[in-house]
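Understanding the architecture of this molecule
Each chain, written out:
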Amino acid sequence: MNYQETLLYLDSLGKFGIKLGMERIEGLLRELGNPEQKIKTVHVTGTNGKGSVSSMIANILRAANLKVGKFTSPHLVKYNERIVTGGADISDESFAALLTIVKRAADSIVVKGVCEQPTQFEILTAAAFLHFALENVDYAVIEVGMGGLWDSTNVITPVVSVITNVSLDHTDRCGATVERIAMQKAGIIKENVPVVTAAEGDDALGPIKAVAMFKQAKLYIYGRAFWGTEVESSMDEQTFTLHAGEYYSSDYTIKLPGEHQIANTSVAVVAAKLISKQDERINELALHLGVSNTVWPGRLERISQGPDVILDGAHNPAGAAALRKALDKYYADQKRIFVFGMMGDKDMTNVIKTLIRPLDMVYAVRADSGDRAAAAEELAGLIGPQALAVDSVAAAYEAAVNEAGEDGVVCVCGSLYLVGSFKEMLAQTKAGCH
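Calculation notes
Residues numbered from 1 in each chain as written. Predicted model: local features only at pLDDT ≥ 70, side-chain atom pairs only at ≥ 80, totals over all residues. Heavy atoms only, no water. Helix = DSSP H or I, 4+ residues; strand = E, 2+ residues; numbered from the N terminus. Rg over C-alpha atoms; globule rule 2.2 N^0.38 Å. Buried < 20%, exposed > 50% of the residue type's maximum accessible area, 1.4 Å probe, protein only. Contact = heavy atoms within 4.5 Å. Areas by Shrake-Rupley, 256 points an atom, 1.4 Å probe, with all protein chains shown as cover. Lys, Arg positive; Asp, Glu negative; His and termini not counted. Charge placed at Lys NZ, Arg CZ, Asp CG, Glu CD. Salt bridge = Lys/Arg side-chain N within 4 Å of Asp/Glu carboxyl O. Pairing = 2+ DSSP bridges. Axes fitted to C-alpha atoms, helices over the stretch in contact; angles between N-to-C directions. Polar contact = N/O pair within 3.5 Å; in protein donor to acceptor, adjacent residues only side chain to side chain.

**Considerations on the overall build of the chain**
Per the secondary structure count, the chain includes 15 helices and 17 strands. Here the C-alpha radius of gyration of the chain, 21 Å, is about what a compact globule of 434 residues would show, namely 22 Å. Overall size of the chain, expressed as C-alpha extent along the three principal axes, is 55 × 55 × 45 Å. Relative to its 434 residues, the chain shows a buried fraction of 56%. Sequence-distant contacts in the chain: of pairs separated by 6 or more residues, those separated by 24 or more amount to 72%. A total of about 18,300 Å² of accessible surface is found on the chain, and carbon and sulfur atoms cover 51% of it. Averaging the coordinates of the 41 positive side-chain charges in the chain and doing the same for the 52 negative ones gives two points 5 Å apart.

Structure follows, in structure tokens:
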């Protein structure tokens with residue numbers, strides 16, 4: 001298949017949706033010679049912060065001059081973003097070649113009656129494992145797609161497991177309570193493999209502690225075993241002190257704004273320190289360089305100033321709370337204008353209640369062209385009189401920038417799909433200008 005054909009193939013798999021269970025991914029990987037067993041991995045799950053933490057761990061390992069792969073999801077603009085080696089997205093040619101091999105293996109196991117057609121995410125997961133094995137990476141940082149226990153990435157025995165945090169999201173698939181979701185996330189914990197988490201509260205920590213104890217996996221909890229305290233913070237960068245009991249205290253500077261990124265960075269550093277116990281190439285300098293170099297698109301990402309334009313994929317109440325806290329901190333007195341779109345199966349009411357104040361102006365849009373996206377009119381109705389339904393993201397953005405003036409802030413948020421559509425629109429506008 002060429003690159004365009006692989007995209008059509010992946011789109012055709014979209015109709016199979018999400019199916020829990022491990023028989024398809026296990027059958028597919030077996031057919032490919034179990035590439036996941038040929039690489040060292042770090043496994044990352046959590047409700048929010050998975051992408052930031054995965055990127056920071058990968059960047060720390062790269063700063064130690066190691067060859068590192070990273071598998072994350074979803075992508076913002078191109079599928080290639082999901083499979084990264086050495087800090088670069090996989091090329092169109094390599095992506096097409098990989099997908100051709102994986103499709104052949106998938107077709108083969110279906111014909112043999114091993115299992116039914118693997119899903120799109122399972123195909124991509126297998127492609128990532130195969131790519132990292134062929135590239136002979138030192139480590140691959142693997143981000144869970146959803147949950148943990150039944151996620152197709154949960155076929156690995158990593159050197160360290162990470163559970164960033166636990167809150168309500170994907171309740172239709174992971175459970176309707178924090179406790180049930182925590183049980184799903186704790187499913188990535190393996191025998192004698194250390195676990196790092198910033199989960200809070202008994203409902204979230206209870207299941208994680210229980211599984212860690214059962215699996216004899218040493219557990220490191222943010223706020224107890226280690227914690228971060230802010231030194232100074234702005235949209236450009238923030239400095240904090242990472243403490244680990246009486247044994248360790250060091251200042252870290254990061255480009256990622258928001259209080260939640262202090263916890264995320266602390267988790268990433270502690271995870272990397274645990275890897276360094278068995279790999280002396282990972283030193284203190286790599287820890288500092290790795291996190292200071294990390295940028296993560298679509299999360300409190302400022303793309304321009306005068307007015308400041310911020311992109312954030314916050315799509316659940318916890319993500320909305322982190323965004324609101326950051327806006328209150330960095331833009332306490334500025335006028336706030338939102339370009340807002342969400343998926344209809346998300347907790348729209350609570351995200352809106354958490355994020356949007358009565359004095360904020362909102363241009364509601366459809367997050368993308370898919371069936372899952374909530375209609376702009378529905379969102380505007382939920383938000384109230386300060387919201388206006390707009391047909392296109394481009395028109396909403398233009399109106400928001402005009403409304404904000406030079407001193408205001410425009411926030412494009414509510415879904416990573418919206419952020420992706422927005423980035424694509426900006427790229428096309430730019431291309432049209434040349």
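**Details of unusual backbone geometry**
In this structure, the amide linkage connecting Ser-73 to the following residue, Pro-74, adopts the cis form with an omega of -10°. Structurally, Pro-74 is set in the loop between strand 2 (68-71) and strand 3 (83-85). Between Gly-306 and Pro-307 the backbone carries a cis peptide bond, its omega angle lying at 5°. Within the element layout of this structure, Pro-307 appears in the loop between strand 12 (301-304) and strand 13 (308-312). Although it is not a glycine, Asn-34 sits at a positive phi angle of roughly 50°.

**Quick word on the pattern of salt bridges**
Inspection of every chain in the model, using the stated rule, returns 19 salt bridges. A salt bridge links Arg-302 to Asp-236; the nearest nitrogen and oxygen atoms lie 2.4 Å apart. With a gap of 66 residues between them, Arg-302 in strand 12 and Asp-236 in the loop between strand 9 (227-233) and strand 10 (238-244) connect regions that are remote in the sequence. The salt bridge involving Asp-328 is made with Arg-336; its shortest N-O contact spans 2.8 Å. Judged by relative accessible area, Arg-336 falls into the buried class, the value being 3%. Among the charged side chains, a salt-bridge network with shared partners connects Glu-23, Arg-24, Glu-116 and Glu-122.

**Let's talk about the sheet that holds strand 11 (residues 248-254)**
As summarised here, the arrangement of the three strands in space is 9-10-11, forming an open sheet in which the pairing is antiparallel. Each edge of the sheet is formed by a strand with only one pairing partner; in this case those strands are strand 9 and strand 11. The mean angle between the axes of side-by-side strands here comes to 20°, regardless of whether they run parallel or antiparallel. As paired strands, strand 10 and strand 11 are joined by seven bridges and run antiparallel to one another. Counted as the bridge partner of His-243 is Ser-249 from strand 11.

**Let's talk about the environment of Ser-152**
For Ser-152, the position within the fold is in the loop between strand 5 (139-143) and strand 6 (160-163). Take Ser-152: its relative accessible area is 5%, and that puts it in the buried class. Between the C-alpha atom of Ser-152 and that of Val-111, which follows or precedes it by 41 residues, the distance is 21 Å. When near neighbours in sequence (up to four residues on either side) are disregarded, Ser-152 contacts Met-22, Ile-25, Phe-121, Glu-122 and Thr-125. One polar contact links Ser-152 to Thr-125, side chain to side chain, over a distance of 3.1 Å.

**Points about the sheet that holds strand 3**
Read from one edge of the open sheet, eight strands run 4-3-2-5-1-6-7-8, paired in mixed fashion. What marks the edges here is a single partner per strand, and that holds for strand 4 (88-89) and strand 8 (219-221). Taken together, the two bridges between strand 3 and strand 4 define a ladder with antiparallel strand orientation. Pairing of Val-84 across the sheet is with Asp-89, part of strand 4. Sheet strands touched by helix 3 (residues 50-63): strand 1 (41-45), strand 2, strand 5 and strand 6. Its angle to strand 5, the strand with the most contacts, is close to 175°.

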